[in-house]
Amino acid sequence: MSAQSEDGSNQHSPGLDRFEMVRRAPGPWLQGSVTDICGYRETMPGRFRNVEYASLTVPLVISFAEPFAIGLGKEPGDNDRFASFAAGLYAGPVVIESRGGACCIQVNFTPLGARRFFGLAMSELTDRMVGLDDVLGIEGIALRERLGNAHGWSARFAIVETFVAARLTEAREMQAEIAWAYDRIIVSGGRIRVSSLADRLGWSRKHLAGKFSNAIGVGPKTLSRIARFNRALGLSRQGKSDWADIAADCGYADQAHLVREFRDLAGETPTALAAQA
């Protein structure tokens, strides 16, 4: 069940009111850098488990309560607990668990927006969860306190949007060549050849890969894999059930290639994943 809140946010109250989720589209000043902002609060004890597949989202999670247990490509263990953190791109499934006491706000950045916001080499976040104080320092700690003391999601959204917008205003622009190459990969759904990008830029493939790793967190080949996977998954959820056609449309060598990529990037077969939609 969902309802439109007074500030234009989408509020979801799933079965038995076990948790609430409020999602808000970013203001125009954050477009291209932030895809959405989400408020999440669990309202009763229980085991919450979610698996997220390889995506092009770089999340910043600011927690006011119990931490999450997070495993990259595996079930989380006792030492895999994280409260407030940023996470870079990861080419695989992410298992997230909690026990009914979580409450947080999450800002979902595009890779280019994350590079500008955090102001560090995105390779430092790749395949990792990094604590809030390590990525934002004392500013991050102060932000968490302000958000924790605020009343209601609308107030929290306003605080975090203002904070993100201020950092982006002061940030350096992304190198034009990297922004162009990133856009070409996304627009093509990961089908454009990396050698073609390098040739157009007058760079070697090694130079392009190094620049990408710094700015995006992964090389252009890995970025293309994630983009292809998400396009294929999207097509399957639009009612296209012929996996051979989807494989050809998305640039996979054959259906077996698509199946291998789904196992790597989602930990599931294509048919199992489509059935969960």
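As the structure is a computational prediction, the values presented were derived from the model and not from experiment.

Conventions and cut-offs
- Residues numbered from 1 in each chain as written.
- Predicted model: local features only at pLDDT ≥ 70, side-chain atom pairs only at ≥ 80, totals over all residues.
- Heavy atoms only, no water.
- Helix = DSSP H or I, 4+ residues; strand = E, 2+ residues; numbered from the N terminus.
- Rg over C-alpha atoms; globule rule 2.2 N^0.38 Å.
- Buried < 20%, exposed > 50% of the residue type's maximum accessible area, 1.4 Å probe, protein only.
- Areas by Shrake-Rupley, 256 points an atom, 1.4 Å probe, with all protein chains shown as cover.
- Pairing = 2+ DSSP bridges.
- Arc of directions from axis to C-beta.
- Contact = heavy atoms within 4.5 Å.
- Core = buried A, V, L, I, M, F, W, Y, C linked by side-chain atoms within 4.5 Å.

> So, the overall build of the protein: which residues are in play, and what are the values?
Secondary structure assignment for the protein yields 10 helices and 12 strands. Taking 277 residues into account, the globule formula puts the C-alpha radius of gyration at 19 Å, and the protein, at 19 Å, falls close to it. Each of the three principal axes of the protein carries a C-alpha extent, and together these read 50 × 45 × 40 Å. Counting the 277 residues in the protein, one finds 48% classified as buried. Roughly 13500 Å² of accessible area belongs to the protein as shown, and the carbon and sulfur atoms make up 48% of that amount.

> Could you give an account of the sheet that holds strand 7 (residues 68–72), naming the residues involved and the relevant values?
Within the open sheet, the 4 strands sit side by side as 5-10-7-8. Their pairing is antiparallel. Of all strands in the sheet, those with a lone pairing partner are strand 5 (48–52) and strand 8 (81–82), marking the two edges. Pairing of strand 5 with strand 10 (residues 94–98), which is carried by 5 bridges, proceeds in the antiparallel orientation. Each bridged residue has a counterpart across the sheet, and for Phe-48 the counterpart in strand 10 is Ser-98.

> Break down the pairing of strand 7 for me, citing the residues and quoting the values.
Look at any regular strand and the pattern is simple: side chains alternate between the two faces of the sheet. Burial of strand 7 is extensive: 4 of the 5 residues sit out of reach of the surface. Bridge count between strand 7 and strand 8: 2 bridges; the pairing is antiparallel. Across the sheet, Ala-69 pairs through a bridge with Arg-81, a residue of strand 8. Two strands pair when backbone bridges link them, and strand 7 and strand 10 are joined in this way by 4 bridges, in the antiparallel orientation. Considered in strand 10, the bridge of Gly-71 is made with Val-95.

> Provide a residue-level description of helix 6 (residues 205–215), including the pertinent values.
Working note: α-helix, 3.6 residues per turn, so residues spaced by three or four point in the same direction. Taken as a whole, helix 6 has its buried residues at Leu-208, Phe-212 and Ala-215. Along helix 6, the residues classed as buried sweep out an arc of 70 degrees about the axis, all on the same side. Where the residues of helix 6 are buried, they touch helix 1 (111–118), helix 4 (176–187), helix 5 (194–201) and helix 7 (220–236).

> I'd like to hear about the nonpolar core, residue by residue, with values.
Across soluble globular proteins, you tend to see nonpolar side chains buried next to one another. Leu-60, Phe-109, Phe-118 and Ile-216 are the most contacted members of the largest nonpolar core, which has 71 residues in total. Here this core gets 8 residues from one element, more than from any other, and that element is helix 3 (residues 153–170). By size, the runner-up hydrophobic cluster in this structure holds 15 residues, among which are Tyr-40, Phe-48, Phe-85 and Cys-104.

> Lay out helix 5 with the relevant residues and their values.
Within helix 5, burial applies to Val-194, Leu-197, Ala-198 and Leu-201. Down the axis of helix 5, the sector holding all buried residues measures 95 degrees, keeping them to one side. Among the exposed residues of helix 5, those oriented more than 90 degrees off its buried face are Asp-199 and Arg-200. Looking at the buried positions of helix 5, the neighbouring elements they touch are helix 4, helix 6 and helix 7. Looking one or two residues past helix 5, Gly-202 carries a phi angle of roughly 75 degrees, positive in sign.

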